[in-house]
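A look at the structure
What follows is each chain in one-letter form.
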Amino acid sequence: MEHLLHRAIRGQDDHLLDLGCGDGTWLLRALQAHGGATAVGVDISGEGFDHVLSEAARLGLADRLELRRQDVAEYRSARKADLVLSVGAAYAFGGLLQTLNAAREHLTEDGLLLLGDCFWEREPDAAVRAELEDGPQKYADLPTTVAQVVADGWTPIYGYISTTAEWDEYQWCWTGTLARWALDNPEHPDSDLALQMSTTHRASWLGGYRGFLGFVVLLLRRTPPPASTGVS
Ligand SMILES: C[S@@+](CC[C@H](N)C(=O)[O-])C[C@H]1O[C@@H](n2cnc3c(N)ncnc32)[C@H](O)[C@@H]1O
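The notes below deal with the structure included here.

Thresholds, definitions, all that
Residues numbered from 1 in each chain as written. Predicted model: local features only at pLDDT ≥ 70, side-chain atom pairs only at ≥ 80, totals over all residues. Helix = DSSP H or I, 4+ residues; strand = E, 2+ residues; numbered from the N terminus. Rg over C-alpha atoms; globule rule 2.2 N^0.38 Å. Buried ≥ 20, exposed ≤ 12 C-beta atoms within 10 Å, placed from the backbone. Contact = placed C-beta atoms within 7 Å. Pairing = 2+ DSSP bridges. Axes fitted to C-alpha atoms, helices over the stretch in contact; angles between N-to-C directions. Near = placed C-beta within 6 Å. Nonpolar A, V, L, I, M, F, W, Y, C, P; charged D, E, K, R; others polar. Core = buried A, V, L, I, M, F, W, Y, C linked by C-beta atoms within 7 Å.

Next up on the list: the overall build of the chain. Within the chain, the secondary structure is distributed over 8 helices and 7 strands. Taking 17 Å as the expected radius of gyration for a compact globule of 232 residues, we find that the chain reaches 19 Å, a close match to that expectation. A principal-axis box enclosing the C-alpha atoms of the chain has dimensions of 70 × 50 × 30 Å. Within the span of the chain, comprising 232 residues, buried residues form 30% of the whole. Considering only contacts in the chain between residues 6 or more positions apart, those separated by 24 or more positions represent 70%.

With that settled, the discussion passes to the sheet that holds strand β7 (residues 213-222). With mixed pairing, 7 strands are arranged side by side in an open sheet as β3-β2-β1-β4-β5-β7-β6. Two strands lie at the open edges of the sheet, namely β3 (65-69) and β6 (154-161), each paired on one side alone. For this sheet, the mean inter-axis angle between neighbouring strands, taken without regard to orientation, is 20°. In the sheet, strand β5 (residues 107-120) pairs with β7 via 9 bridges, with the strands oriented antiparallel. Within β7, the residue paired with Leu112 across the bridge is Arg221.

This part covers the site of the ligand. Around the ligand, the structure places 14 residues, and the nearest of them are Gly20, Gly22, Ile44, Gly88 and Ala92. Looking at the shell around the ligand, its residues break down into 8 nonpolar, 4 polar and 2 charged.

This next bit is on the nonpolar core. Counting residues in hydrophobic clusters, the biggest one holds 43 residues, and the most contacted among them are Leu16, Leu27, Val84 and Leu114. When residues no more than four places from it in sequence are discounted, the contact partners of Leu27 are Leu16, Asp18, Cys21, Ala39, Gly41 and Leu65. The next biggest cluster of nonpolar side chains, apart from the first, holds 5 residues, and it includes Cys118, Trp120, Tyr139 and Leu213.

If you want it as structure tokens, here you go:
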């Protein structure tokens, strides 16, 4: 994460916008490393905001971080961002190209986009594909994904492909945190549902898309329009 942020943030006073920011951890890390940077994170959930905001206060960063609980599709700001992040949230916009369009609206002229999205590492069988593509978002293999981004007017200047170990860690944390909460709170009305969600997700990952679905983070700049030849 630090490695990507280091490449993505160019000035100490850059303004960052994270669309679908989760609890805001990426922004907190970015502000820690970049003295005068400011950041806004937008997420429909707000889960974990309190923790990250109290961490920001403890570290003396509170006046540079704003976390907003809002639908990214509705978020508007007069202030353009030097860096827009959207990691694992393309489904909130309806897909990759819609995410690129939204990011473009929020970026300064020479701003950068840090975009994280899934791709098919290997061709899945029909059942796995149907399960993972049951919403508006469809995935492609990595070369096709990058080609779609390039065709939309962006140039990748860096990229990072998650390893299987990183994917496994993410999935164990996701399912394990939910399961642990359910077991710790058996009297809570949502306990059974949480345990069932954890079990279902784990089975769908281990028995389905593990090894098929990949995740890539691309650092993108807008490709300048081709220079005019002057020939009319
Ligand atoms: C896979 S998580 C990624 C979170 C974070 N970017 C990260 O890398 O840890 C996707 C996030 O998108 C958020 N999200 C989904 N739909 C959204 C929407 N319409 N507006 C804002 N956030 C949304 C979810 O609440 C969730 O926090």
